[in-house]
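# Structural description and commentary
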Amino acid sequence: MSKTIFIDGESGTTGLGIRDRLSAFGDIALRSLPDNLRKDADAKAALMAEVDLVVLCLPDDAARQTVAIADRLPGGGPKIVDASTAHRVADGWVYGFAELGPQQAETIRTGSRIANPGCYPTGAIALLRPLIDADLLPTDHPVTVNAVSGYTGGGKSMIAAYEAGTAPAFELYGLGLKHKHLPEIQAYAGLTRRPIFVPSVANFPQGMVVSIPLHLETLPGKPGVQDLHAALDRHYVESAVGTPLVRVVPLSDESVTAGRLSPEDIANDDRLELRVFGNAELGQCVLVAKLDNLGKGASGAAVQNTRLALGME
């Protein structure tokens, strides 16, 4: 039997990506509201009462309002996957990174309120959490996260600026060090010390790299590059969900040995690739996550969470 889904905010970049992906499944039926009723609370409540799951692709305040409508429905209404930042560290919400640990996918399956991760946090947490769980990285280690994303992660206004040629070719931002993704990164990576996070955007549509430099001699036991790589590999073997979407790239891979990496060639792919670059002689390494900011960083993750929450592997 098909499951019914309502995407609230389906006309935005993330919503369109989710709709396109879900439309490819024969066991999914998508429901919508007419344009003139999209902000009508009563019409929204009536539709939500009829569907199995709602995906929210809304600004944070609007997402909270829609959740409040669902909460007033019998039984708490349908399951919800929220792609906004409104509920990522909120009590009662499951974090929708299925590969976070061996039990996370099951927690998503049984949850009724799932917060879809942010694009930058997906890369950072994917690199940090396995090392902390393996006691290779202290929870209070001073961590710096650097990242660059394609401009589609910035929404309609940023997309329009880049496509019109009025945006800068490259730009650092969030330099007040209070980016809204920081609480999420700290909470789910397992850090007790607030990391420094420096995001940036560049003149390409899709793709993202997140990098974390480490001095190996500052870590307990002075692990080598191979130790860090093995911990990542072990974590994602144990946490694999169905068809694995997270790949730890071998140290022998040409993309690692070449010492160069581009974010653009993973566009339109829902996978997340993790690499460890290092220099044993110098005792230094750089952890790198590569993903599509609209794939595993947004729409792809929402579809993965939607199917898990509905028991559809």
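First, a word on scope: everything that follows refers to the structure included in this document.

## Some words on the overall build of the chain
From N to C terminus, the chain includes ten helices and 14 strands. Computed over C-alpha atoms, the radius of gyration of the chain comes to 20 Å, within 12% of the 20 Å expected from 2.2 N^0.38 for 313 residues, which places it in the range of a compact globule. Principal axes of the C-alpha set define a box for the chain whose edges measure 65 × 45 × 35 Å. Relative to its 313 residues, the chain shows a buried fraction of 52%. By sequence separation, contacts in the chain at least 24 residues apart represent 74% of the contacts at least 6 residues apart.

## Structural notes on the pairing of strand β14 (residues 284–291)
In terms of residue burial, β14 counts as a mostly covered element, since six of its eight residues are buried. Relative to β14, strand β11 (residues 208–215) runs antiparallel, the two sharing eight bridges. Bridge pairing in β14 places leucine 214 opposite cysteine 285. With antiparallel pairing between neighbouring strands as the criterion, strand β13 (residues 272–279) and β14 make up a hairpin whose turn holds four residues, including glycine 283 at a positive phi of roughly 70°.

## Topic: the pattern of salt bridges
Here the structure, examined in full by the defined rule, presents 17 salt bridges. The shortest N-O distance in the salt bridge between arginine 38 and aspartate 35 comes to 3.0 Å. Residue aspartate 35 is classed as exposed on the basis of its relative accessible area of 61%. Across the pair lysine 296 and glutamate 99 runs a salt bridge whose closest N-O atoms are separated by 2.9 Å. Taken together, the residues span a long stretch of sequence, with lysine 296 in helix α10 (residues 295–309) and glutamate 99 in the loop between β5 (94–95) and α4 (104–110) at a distance of 197 residues. As far as burial versus exposure is concerned, lysine 296 and glutamate 99 are alike and both buried. Salt bridges sharing partners connect three or more residues here, namely Glu10, Arg19, Asp35 and Arg38.

Reading guide: rules and limits
Residues numbered from 1 in each chain as written. Predicted model: local features only at pLDDT ≥ 70, side-chain atom pairs only at ≥ 80, totals over all residues. Heavy atoms only, no water. Helix = DSSP H or I, 4+ residues; strand = E, 2+ residues; numbered from the N terminus. Rg over C-alpha atoms; globule rule 2.2 N^0.38 Å. Buried < 20%, exposed > 50% of the residue type's maximum accessible area, 1.4 Å probe, protein only. Contact = heavy atoms within 4.5 Å. Pairing = 2+ DSSP bridges. Salt bridge = Lys/Arg side-chain N within 4 Å of Asp/Glu carboxyl O.

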